Structure formats: structure tokens, C-alpha cells
Amino acid sequence: MTKKTALLLLSGGKDSLAAIQVLQNQGYDVHGLCIDGIQGKEKVGAEKAAAAFQVPLKIVHIGFFDEETWNPWKLILRDLAMGFVAIVEAKRVGAEALATGVKLKDIENPELSWLKYFLKFGTFVLKLGGLKLIFPVWDNSIEQKETRP
């Protein structure tokens, strides 16, 4: 039986670690994609997470990607660029699903009110390209401490 493949947008934080473990437990062959930006922080954690869980990792540098911004407009622009790169990479690795470390708590956060609409839009666009968007990978009942390598 062939395993299903998921491309995970991987930052290397605790949410990424949890997402790898949950996806692997669900039977996915996980491939990681890290978008490296201005500060160069994302790739450090992503490399450690990928190595700990033996996940193939591709790192793509996007020069305007600001890893520290909370400006909604910059986040949307960042996520659009990341989405484009992710679609190309998902097709390259033969993934049928694209996953993010977004959790239910993020979607319900009033400060991130734009996120649920962005994810609905992303779901629609990815479906046109034959990809499923997996979010949230887990709900609030999963303890982060249990997912560390």
C-alpha cells in the first residue's frame, strides 16, 4: 500500500514538531518546506525538526519574507508567496495534501481574525490545483510537550 504524502510548511517551532508527529501518526509520508526570510530564523529550527523526525526538507529563501512581523498585510503577502512556492513543491514531491502548523487556537484568536478567511481562500485555491489543505492538524486537546523529539 502506498503511503499518502503531505508537504508541511515547516518553521521548526513547537507547532511544526507537533504537526510532523500528528501527520506521521495519521499515515502520511511528510516532506518539509521551510521559507527562509530576512532574519534567517525559520531554517534553523526547521533543519533540527526535519532531522529529528527524518523528514526531507527543502529550504527556499524569499528576500522580503519577514519572520518577525505581525502586520496583517505583510502576513497575507508573505503567505501568498509561501503558498505559491508550496504548490510548486507539493507537485514536485507528489503530495496530495499541504499542511500547516496552524492550530485551532490560532484560528480562534481574535488578533488573527483574518486567518480563517485566508485559510478558506487557500483551501479553495489548492482544491483547484488538486491539493487538500490540512488545518488545523490537531485541536487544542493535544499537549505540545508530548510532541518533542
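That block above? That's the structure.
About the thresholds
Numbering of residues begins from 1 in every chain and follows the order in which that chain's sequence is written. Reporting of local features is limited, given that this is a predicted model, to residues whose pLDDT is at least 70; pairs of side-chain atoms are given and counted only at 80 or more, and all residues count toward the totals for whole chains, interfaces and linings. Side-chain measures here rest on the full set of heavy atoms in the structure, leaving out hydrogens and waters. We treat two strands as partners when DSSP finds at least two bridges between them. Think of it this way: any DSSP run of H or I at least four residues long counts as a helix, any run of E at least two long counts as a strand, and we number them from the N terminus. Only the stretch in contact is used when a helix axis is fitted, and all axes are lines through C-alpha atoms; the angle between N-to-C directions ranges over 0 to 180 degrees. Residue exposure (1.4 Å probe, protein chains only): buried if accessible area is under 20% of the type maximum, exposed if over 50%, otherwise partly exposed. What the arc describes is the spread of directions from the helix axis to the C-beta atoms. Any two residues whose heavy atoms approach within 4.5 Å are treated as being in contact.

1. Observations regarding the sheet that holds strand E4 (residues 97-99)
No. 1: The 5 strands are arranged E3-E2-E1-E4-E5 in an open sheet whose pairing can be described as parallel. Here the strands that pair on one side only, and so sit at the sheet edges, are strand E3 (57-61) and strand E5 (132-134). In this sheet, neighbouring strand axes are inclined to one another by 25° on average, regardless of whether the strands run parallel or antiparallel.
No. 2: As defined by bridge partners, strand E2 (residues 28-36) adjoins E3 across 5 bridges and the pair is classed as parallel. Residue pairing across strands places Asp36 opposite His61, the latter belonging to E3.

2. A look at helix H2 (residues 42-52)
No. 1: Within H2, burial applies to Glu42, Gly45, Ala46, Ala49 and Ala50. All buried residues of H2 lie within an arc of 130° about the axis, which places them on one face of the element. Facing away from the buried side of H2 by more than 90 degrees, the exposed set consists of Lys48 and Ala51.
No. 2: For H2, the elements touching its buried residues are helix H1 (14-25), E2 and E3.
No. 3: Immediately beyond the C-terminal end of H2, within one or two residues, lies Gln54, with a positive phi of roughly 55°.

3. Some points on the environment of Gly45
No. 1: Among the secondary structure elements, Gly45 is positioned in helix H2.
No. 2: Residue class for Gly45 comes out buried when judged on its relative accessible area of 17%.
No. 3: Expressed as a C-alpha distance, the spacing of Gly45 and Lys14, which sit 31 residues apart in the sequence, is 9.3 Å.

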